[in-house]
Amino acid sequence: MRVVVPYDGHDPKSRLAGRLDESERRAFSRAMLRDVLDAVERAGHDPTVLATEAVSVSNADVVVDDRPLTAAVNGVLDGFEWSDAADDGEVAVVMADLALATPDAIRRLADAEGDVVVAPGRGGGTNALVVRHPSFRVDYHGASYRDHRRIAEEVGASVGVVDSMRLATDVDEPSDLAEVLLHGRGESRRWLVDAGFELAVSEGRVGVTRES
Ligand SMILES: Nc1nc2c(ncn2[C@@H]2O[C@H](COP(=O)(O)OP(=O)(O)OP(=O)(O)O)[C@@H](O)[C@H]2O)c(=O)[nH]1
Ligand SMILES: C[C@H](OP(=O)(O)O)C(=O)O
């Protein structure tokens, strides 16, 4: 299976701007990228980073495509050799902000049945996909989970859904940082701890505070 990890290093994680300045957001997004690449690699796959600009990572190939996300991913699908035995006719797209990703979660994604397998993100997005149907194309942003199901239906592709807390948690909003502190096992969690973040436990949901 070919595994592609889209990554936009330009002003990443802008929804965390209230908690992290721009250079911190870049460093944290890199830590998440490394955690995702590590999980993919330990699940037995060689990830390729699909990046908007050159990025240095030790354990993955990098392909630069500065088009917006949907066009760049569809470019990969357009150029994919579906009958090439090396990739078994399967392309996975795993987002770089899945800080809780583990090898087991990636294996569950890879093992799920369906011409198109979707791991939904909280909030309506698509955090990870496996595409095994040559006519399927992506349409990210908005309610992309719903859109990807519709597109699959339009091209006659069966759909599998992976119900995984680890793949459903994309780190977009400040409240997601609490999930990383609670459940993270890798570099992203260490980065937050080193930056002074800790859990803020009150009557309601758990949040984060940062020591100043
Ligand atoms: N190659 C590529 N990857 C992208 C692009 N836009 C987003 N991504 C990646 O797709 C994943 C999901 O994107 P978002 O959740 O919107 O991440 P983001 O753009 O860093 O965050 P926000 O600024 O808060 O929207 C992350 O891994 C991003 O790095 C793009 O235009 N090209
Ligand atoms: C890429 C996009 O991510 P979100 O903005 O929902 O985090 C999506 O999943 O369609």
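To be clear, the structure that these remarks concern was listed above.
Residues numbered from 1 in each chain as written. Chains lettered and ligands numbered in written order. Predicted model: local features only at pLDDT ≥ 70, side-chain atom pairs only at ≥ 80, totals over all residues. Heavy atoms only, no water.

So, the site of ligand 2
Taken together, Arg-15, Leu-69, Gly-125, Thr-126, Tyr-140, His-141, Ser-144, Asp-170 and Asp-172 make up all the residues around ligand 2. In this structure, Arg-15 approaches ligand 2 through a side-chain N or O atom, which is 3.4 Å from an oxygen atom. The separation between an oxygen atom of ligand 2 and a polar side-chain atom of Asp-172 is 3.0 Å. Relative to its unbound accessible area of 300 Å², ligand 2 is 83% covered by the protein chains. (Near = heavy atom within 4 Å. Polar contact = N/O pair within 3.5 Å; in protein donor to acceptor, adjacent residues only side chain to side chain. Areas by Shrake-Rupley, 256 points an atom, 1.4 Å probe, with all protein chains shown as cover.)

Remarks on the pairing of strand E9 (residues 207-210)
Pairing of strand E8 (residues 197-200) with E9, which is carried by four bridges, proceeds in the antiparallel orientation. Bridging from a neighbouring strand, Phe-197 pairs with Arg-210 of E9. Between E8 and E9, which pair antiparallel in sequence order, lie six residues. (Pairing = 2+ DSSP bridges. Helix = DSSP H or I, 4+ residues; strand = E, 2+ residues; numbered from the N terminus.)

A look at the sheet that holds strand E3 (residues 61-64)
Strands belonging to one sheet form pairs held by backbone hydrogen bonds; the direction of such a pair is parallel or antiparallel. Taken in spatial order, the seven strands of this open sheet run E3-E2-E1-E4-E6-E5-E7, and their pairing is mixed. Across the chains shown, the open sheet's two edge strands, defined by having one partner strand only, are E3 and strand E7 (159-161). On average, each strand axis in the sheet is tilted by 20 degrees relative to the strand beside it, whichever way the strands run. (Axes fitted to C-alpha atoms, helices over the stretch in contact; angles between N-to-C directions.)

Some remarks on a nonpolar patch on the surface
Residues Leu-182, Leu-199, Val-201 and Val-206 make up a contiguous nonpolar surface patch of about 330 Å² in total accessible area. Here Val-201 shows up in the loop between E8 and E9. Residue class for Val-201 comes out exposed when judged on its relative accessible area of 66%. (Patch = residues over 30% accessible without salt bridge, like charges linked within 9 Å, V, L, I, M, F, W, Y side chains within 5 Å. Salt bridge = Lys/Arg side-chain N within 4 Å of Asp/Glu carboxyl O. Buried < 20%, exposed > 50% of the residue type's maximum accessible area, 1.4 Å probe, protein only.)

Side note on the site of ligand 1
Close contacts around ligand 1 come from 16 residues, with Asp-8, Ser-14, Arg-15, Leu-50 and Ala-96 the closest. Here an oxygen atom of ligand 1 sits 2.9 Å away from a polar atom, N or O, in the main chain of Asp-8. The contact in question runs from an oxygen atom of ligand 1 to an N or O atom on the backbone of Ala-96, over 2.9 Å. Burial of ligand 1 by the surrounding chains reaches 85%, relative to a free accessible area of 620 Å². Along the lines of polarity and charge, the residues of the shell around ligand 1 split into eight nonpolar, two polar and six charged. (Nonpolar A, V, L, I, M, F, W, Y, C, P; charged D, E, K, R; others polar.)

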